[in-house]
Amino acid sequence: MSNKTPIQIVYDGECPFCTRYAKMLRLRESYDVDLIDARGDHPIIAEITARKLDLDEGMVVKLDGQYFYGGDAVNRLAILTDERGAFRTLGKWVFESPTRSKFLYPFLRFGRNTTLKLMGSKKINNIAED
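Since we're looking at a predicted model, the values are computed, not measured.

Our focus in this paragraph is the overall build of the chain. Each helix and strand in the chain was counted, giving 5 helices and 4 strands. Ordered by position in the sequence, the α and β elements of the chain form the string β-α-β-α-β-β-α-α-α. Residue burial in the chain is summarised as follows: out of 130 residues, 38% are buried. A sequence separation of at least 24 residues applies to 62% of the contacts in the chain between residues at least 6 apart.

Below, the discussion takes up the pairing of strand β1 (residues 5–11). Most of β1 sits out of view: 5 of its 7 residues are buried. As paired strands, β1 and strand β2 (residues 31–37) are joined by 7 bridges and run parallel to one another. Paired with Tyr11 across the bridge in β2 is Asp37. Relative to strand β3 (residues 60–63), β1 is paired through 4 bridges, and the arrangement is antiparallel. Bridging from a neighbouring strand, Gln8 pairs with Lys62 of β3.

Along the polypeptide, Ser101 turns up in helix α5 (residues 98–119). For Ser101, a relative accessible area of 0% translates into the label buried. For the pair Ser101 and Gly71, spaced 30 residues apart in sequence, the C-alpha separation works out to 5.0 Å. With residues near it in sequence (within four places) discarded, Ser101 still touches Gly71, Asn75, Val94 and Phe95.

When two helices pack together, their arrangement is captured by the angle between the axes and the distance separating the axes. At a minimum axis distance of 8 Å, the contact between helix α3 (residues 71–80) and α5 shows a crossing angle of 135 degrees. Our classification of the angle between α3 and α5 gives oblique. For the pair α3 and α5, the sense of crossing is right-handed. Counted together, Gly71, Asp72, Val74 and Asn75 of α3 and Pro98, Ser101, Lys102 and Tyr105 of α5 form the full contact between these two elements.

Taken together, the buried positions of helix α2 (residues 43–50) are occupied by Ile44, Ile45 and Ile48. The arc enclosing the buried residues of α2, seen along the axis, measures out at 105 degrees, which places them on a common side. Looking at α2, the residues exposed on the side facing more than 90 degrees away from the buried face are Pro43, Ala46 and Ala50. In this fold, the buried residues of α2 make contact with β1, β2, β3 and β4 (66–69).

It is worth spelling out unusual backbone geometry at this point. Non-glycine residue Lys52 carries a positive phi angle of around 60 degrees. In this model, Asp64 sits at a positive phi of 55 degrees, which is unusual for a non-glycine residue. Mapped onto the elements, Asp64 comes out in the loop between β3 and β4.

Before going further, it helps to examine the pairing of β4. Bridging between β3 and β4 involves 4 bridges; their strand directions are antiparallel. The residue of β4 that forms the bridge with Leu63 is Gln66. The loop that links β3 with its antiparallel partner β4 comprises 2 residues; one of these, Asp64, has a positive phi angle of about 55 degrees.

Rules used in this analysis
- Residues numbered from 1 in each chain as written.
- Predicted model: local features only at pLDDT ≥ 70, side-chain atom pairs only at ≥ 80, totals over all residues.
- Heavy atoms only, no water.
- Helix = DSSP H or I, 4+ residues; strand = E, 2+ residues; numbered from the N terminus.
- Buried < 20%, exposed > 50% of the residue type's maximum accessible area, 1.4 Å probe, protein only.
- Contact = heavy atoms within 4.5 Å.
- Pairing = 2+ DSSP bridges.
- Axes fitted to C-alpha atoms, helices over the stretch in contact; angles between N-to-C directions.
- Parallel < 35°, antiparallel > 145°, perpendicular 65-115°, else oblique.
- Left-handed = near helix turned anticlockwise from the far one by under 90°.
- Arc of directions from axis to C-beta.

Dropping the structure here:
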């Protein structure tokens, strides 16, 4: 049994940017990272949906029973990231500020959604539309 703190990162596996970001993260050694494709059937998807968190609009990080969504998720990951390497250091600096994360996340989401549309990917649609 691991003494590491579990952390679950739910991202869109069809999004090339999301996938690269999730895989390039180097979280501090005290975390047991579980990368979860939001398009799969992992039990956490039902938990996220029950909380009305739209996976087409943001990624989710679950840590210590808390759910971080969208800009808050990227902010949390930046705080926990080991900053070795120029790209990680820059990403950490940009997103470790809650204000910068909340401001920049809609632009990232727009780029993601545009790319997925151009690729012909369908929406995750975990939140039923009324």
